[in-house]
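# Report on the structure
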Amino acid sequence: MTEAHMENILAANLNMIFNEESMIVIGKQVKNATNGRSDLTVIDQNGNIVLIEIKRDKADAVSRKESFESQAIRYAASYATIKTIEEAVQIIYASYLRKLRPLDFHSDQSAYDYGLATLNEFLDKNHSRTSFNQKQRIILVASDFDVQTLSASTWLKQNGIDISCFKMVPYELQGHHFVNMEKVLPLATDEDFLVNLYVKSSPTKVMTASRTKRVLPKIKDMLEWKVVKEEDILVAKDRDIKAVLLRNGNVNFNNEEMTMQAWLRGVYGWASVHTYVFAIHKESGKSLSEIREEYMQNSEEFQEMD
């Protein structure tokens, strides 16, 4: 698997990283003033520009003159100079659209107009137009990380830089290809990845903290709770586009079975959609997120966990 393969897989499946967040890709291989190229440029549901930097393996990250995290910081700093939505479209998004769909846009202006409308819609639906690019996020993706990168990233995280590290490992099994995505930073205890610079005679150990991670229940859990049921109608938020909920948690849309994420991505045209916010339960008029939250607040099981 090449870096280009990893980049394309992530661009089409950002929910592997962001889970219950809405995301829109606005750039690939964006060239900055110093001729550096950032891998993926994304805007999250809070209006932050997110820089995703990819290295195929640990050796590639270590062998470069500039460290993995330093390169990402330099790119993120250049994105911090973008102050308006119009600038983001002009500098990044319009050219990405023309490369992605060259037959759809006959001029820079048409790509700009479409990009501006699409990005404004995304920000408006996520109520984040006023907070556009007030912060930047960095995400590093590799098949493995050296301890120095994790140590530096931990220090940056502790000092207010929003940085995360993900391991992306491909597998082949019986002729089929799979990708495993694992978040390695931040951990519950960041000190696990801090390198002791003063005791050079002692080998640095990377510890895995014993920790519990609270994962929000999914649609299959909600079906078991009977707060939603098979054949319920779901409607995309602010769109009159309906799908039928199936017993396994997928939906039927236009006589085709698909995940709710795939359905909503097709509706909005975004790289990732916060499924539980944008899927509205037609009968109750509430989002799946609201239904889930109400159940968890009233359930003795979850009150005991808290």
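Before any of the text, the structure's been laid out above.
The paragraphs below set out a description of the structure included in this document. (Residues numbered from 1 in each chain as written. Predicted model: local features only at pLDDT ≥ 70, side-chain atom pairs only at ≥ 80, totals over all residues. Heavy atoms only, no water.)

Next up on the list: the overall build of the chain. Along the backbone of the chain there are 12 helices and 12 strands. Burial status across the chain gives 44% buried among its 306 residues. Across the chain, every contact between residues at least 6 apart in sequence was considered, and the portion connecting residues at least 24 apart equals 56%. Only carbon and sulfur atoms are counted for the fraction: they give 49% of the accessible area of the chain, which is about 16800 Å². (Helix = DSSP H or I, 4+ residues; strand = E, 2+ residues; numbered from the N terminus. Buried < 20%, exposed > 50% of the residue type's maximum accessible area, 1.4 Å probe, protein only. Contact = heavy atoms within 4.5 Å. Areas by Shrake-Rupley, 256 points an atom, 1.4 Å probe, with all protein chains shown as cover.)

Relative to the helices and strands, F132 resides in the loop between α6 (108–125) and β4 (136–142). Linking F132 and I82, residues 50 residues apart in sequence, is a C-alpha distance of 9.6 Å. Beyond its immediate chain neighbours, meaning those up to four positions away, F132 contacts I43, G47, I82, K83, T84, I85, A88 and L123.

Attention now moves to the environment of M6. Among the structural elements, M6 can be located in helix α1 (residues 3–12). Among the residues examined, M6 registers a relative accessible area of 2% and is labelled buried. For the pair formed by M6 and V141, sequence separation is 135 residues and the distance between their alpha carbons is 9.0 Å.

A word on the sheet that holds strand β9 (residues 251–253). Pairing is antiparallel in the open sheet, where six strands are placed in the order β10-β9-β8-β7-β11-β12. The outermost strands of the open sheet, each flanked by one partner alone, are β10 (256–258) and β12 (286–287). Strand direction decides the pairing type here: β9 and β10, joined by three bridges, are antiparallel. Residue N252 lies in a different strand from β10, and its bridge partner there is E257. Helix α9 (residues 260–268) rests against β7 (233–236), β8 (242–245), β9, β10 and β11 (279–281) of the sheet, and its axis sits at about 35° to β7. (Pairing = 2+ DSSP bridges. Axes fitted to C-alpha atoms, helices over the stretch in contact; angles between N-to-C directions.)

Next up on the list: the packing of helix α5 (residues 85–100) against α6. α6 packs onto α5 with a crossing angle of 115° between their chain directions and a minimal axis gap of 8 Å. By crossing handedness, the relation of α5 to α6 is classed as right-handed. Contacts between α5 and α6 involve I85, E86, V89, Q90, Y93, A94, L97 and R98 from the first element and D108, A111, Y112, Y114, G115, L116, T118, L119, N120 and L123 from the second. Class assignment of the residues belonging to the contact of α5 with α6 gives a composition of 11 nonpolar, four polar and three charged. (Left-handed = near helix turned anticlockwise from the far one by under 90°. Nonpolar A, V, L, I, M, F, W, Y, C, P; charged D, E, K, R; others polar.)

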